[in-house]
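Coordinate inspection notes
Chain by chain, the residues run as shown.
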Amino acid sequence: MQSSTYAAVKGNAAFAFQRRSFSNLVSRSATTTGIRFSTGSYFAQLHSSASKAMGAKLARAENGIHSLSSVKARSVRAQASSGGGDEEEAIPLRSEGKSSGTVLPFVGVACLGAILFGYHLGVVNGALEYLAKDLGWIVSALLAGATVGSFTGGALADKFGRTRTFQLDAIPLAIGAFLCATAQSVQTMIVGRLLAGVGIGISSAIVPLYISEISPTEIRGALGSVNQLFICIGILAALIAGLPLAANPLWWRTMFGVAVIPSVLLAIGMGFSPESPRWLVQQGKLTQAEKAIKTLYGKEKVVELVRDLSNSGQGTSEPEAGWFGLFSSRYWKVVSVGAALFLFQQLAGINAVVYYSTSVFRSAGIQSDVAASALVGASNVFGTAVASSLMDKMGRKSLLLTSFGGMALSMLLLSLSFTWKALAAYSGTLAVVGTVLYVLSFSLGAGPVPALLLPEIFASRIRAKAVALSLGMHWISNFVIGLYFLSVVTKFGISSVYLGFAGVCVLAVMYIAGNVVETKGRSLEEIELALTSGA
């Protein structure tokens, strides 16, 4: 989720330096803010990195789909277990030999939601300076709507299924974009952004959920992290869409309106996409589950996979848990892990690094805002691509530990570069190195892993709601930190704040080491058994 923070902070920063009246938004020409994304060199560099990463990832995924090996059941001591509980027999999905089905097209359709996620976050960065005075609500309405949407998405996914929820999600995404594009008043713009926020909040919950449930075990990490790359691509698309603004101040309407197109494509595409077989079996819809498995994995796998999915729930006839059930002694420990990961993600300082990146680079003699944005953005995409390639090799927990450890060292370097007199001659260079290393470290684990890990560690009967609750923590903490960050920096100074962030990263390493269970190479059914049996 680092991209959501990355775009949101840039949007808040742009707003802080722009004060224009709404009555002039169709007539005033552009002036450049000190902290906005712009020009083609950044786009070209970022697009090249993203394209190469995507090509390599999809190639690996295609190969992986044709080599689904059997997953041996194993009893693993779950460090994040709730200690005793279900007596479910979790049988992994065995699928040997070549498959005549494929999940890639449907992962691609789901990632339209990720593209819209990134686009709606990024589009305001370029357009904000052409809008109005006192438009803080335009920025914050999206975050408020996303918080509501993230909680709503879990309930919708449980009630209507994953694909139908995607189609419902397309409604606020499309209407929100249309209202923003045609707005004649601040109030209409705020309503449009609020609806778009609800849409991206739902997307943030159901895109990783759907991908994790339809992906083969051996490549679930790689496919799950494709979600993050598409969010980056969505932000990049928003930045590219803003290029004509300098010549045409009215172009901001087109920037918002174009988001209607992928929203409609998402609704149509999900009409042809298979429902999650796990959700269908959980609902007792075995005939539909067989059809979905045939589409995803091939007809030769139908009998075997339906049997395995059915067996995984034979030990219990319990219905899906309600919201209050998430806080029961049975589930609270694992649910708290999900919420804590997103809390650590936000408290680790990504907001500060992004906000101050331009001034940090200027202190090192890099006067171009474009170069600063290019370095930060390229580090973000490159780190995410590397994480994708390592997700199913090193594992989720290892990447989290490496990521937060690197972030702690980077934050310490940044803090010292501002205060240690012995390093005064090199302070600018060290600050740039610390910033780039921090963003790289963040994108290796703290950014992409939580959204991927959550659908894996939650039991099937709480999965959708627990993912929604954890993502709600992400949006709430994002909103609160954005609201109070500047006042904290003013009171304590940026060096002290950086040192505090380094301490948070160290605490995160300790928490992850003791509470997060590794999910690499295990089917969702195996993980559920490990986390509920305490074996």
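We now turn to the structure provided with this report. Bear in mind that the values here come from a model prediction, so they are computed numbers and not experimental data. (Residues numbered from 1 in each chain as written. Predicted model: local features only at pLDDT ≥ 70, side-chain atom pairs only at ≥ 80, totals over all residues. Heavy atoms only, no water.)

A few words now on a nonpolar patch on the surface. Together, Ile476, Phe479, Val480, Leu483, Tyr484, Val488 and Phe492 make up an exposed nonpolar region whose accessible area comes to about 630 Å². Along the chain, Val488 turns up in helix H19 (residues 463-492). Judged by its relative accessible area of 35%, Val488 falls in the partly exposed class. (Patch = residues over 30% accessible without salt bridge, like charges linked within 9 Å, V, L, I, M, F, W, Y side chains within 5 Å. Areas by Shrake-Rupley, 256 points an atom, 1.4 Å probe, with all protein chains shown as cover. Salt bridge = Lys/Arg side-chain N within 4 Å of Asp/Glu carboxyl O. Helix = DSSP H or I, 4+ residues; strand = E, 2+ residues; numbered from the N terminus. Buried < 20%, exposed > 50% of the residue type's maximum accessible area, 1.4 Å probe, protein only.)

For Ala289, the position within the fold is in helix H11 (residues 286-297). Note: C-alpha distance between Ala289 and Glu275 (14 residues apart in sequence) is 7.8 Å. With near-sequence residues (within four places) excluded, Ala289 lies in contact with Pro277, Leu280 and Val281. (Contact = heavy atoms within 4.5 Å.)

In this section: the packing of aromatic side chains. In this structure the tally under the stated criterion is seven aromatic pairs. Summarising the aromatic geometry, the rings of Trp252 and Phe256 are spaced 6.2 Å apart at their centres and angled 80 degrees between planes, so their arrangement reads as edge-to-face. Residue Trp252 and its partner Phe256 are located together in helix H8 (residues 251-257), separated by four residues, close to a single helical turn. One exposure class covers both Trp252 and Phe256, and it is buried. Over the aromatic face of Phe160 sits the side chain of Lys159, whose NZ or CZ is 5.7 Å from the ring centroid. (Phe/Tyr/Trp six-rings, centres within 6.5 Å; stacked < 30°, edge-to-face > 60°. Lys NZ or Arg CZ within 6 Å of the ring centre and 35° of its normal.)

Now for the nonpolar core. Membership of the largest hydrophobic core comes to 68 residues, with the highest contact counts inside it found for Phe166, Ile200 and Leu266. The element that contributes the greatest number of residues to this core is helix H3 (residues 104-127), accounting for 14 residues. If we ignore the near neighbours within four places in the chain, the residues touching Phe166 are Ala110, Ile206, Val207, Tyr210, Leu266 and Met270. (Core = buried A, V, L, I, M, F, W, Y, C linked by side-chain atoms within 4.5 Å.)

Quick look at the environment of Ala292 now. With respect to the secondary-structure elements, Ala292 resides in helix H11. Ala292 gets classed as buried once you look at its relative accessible area, which sits at 4%. Sequence separation between Ala292 and Pro274 is 18 residues, and the spatial gap between their C-alpha atoms is 5.1 Å. Excluding residues within four positions of it along the chain, Ala292 makes contact with Pro274, Glu275, Pro277 and Leu280.

These results come straight from atomic positions and should not be treated as a statement about function.
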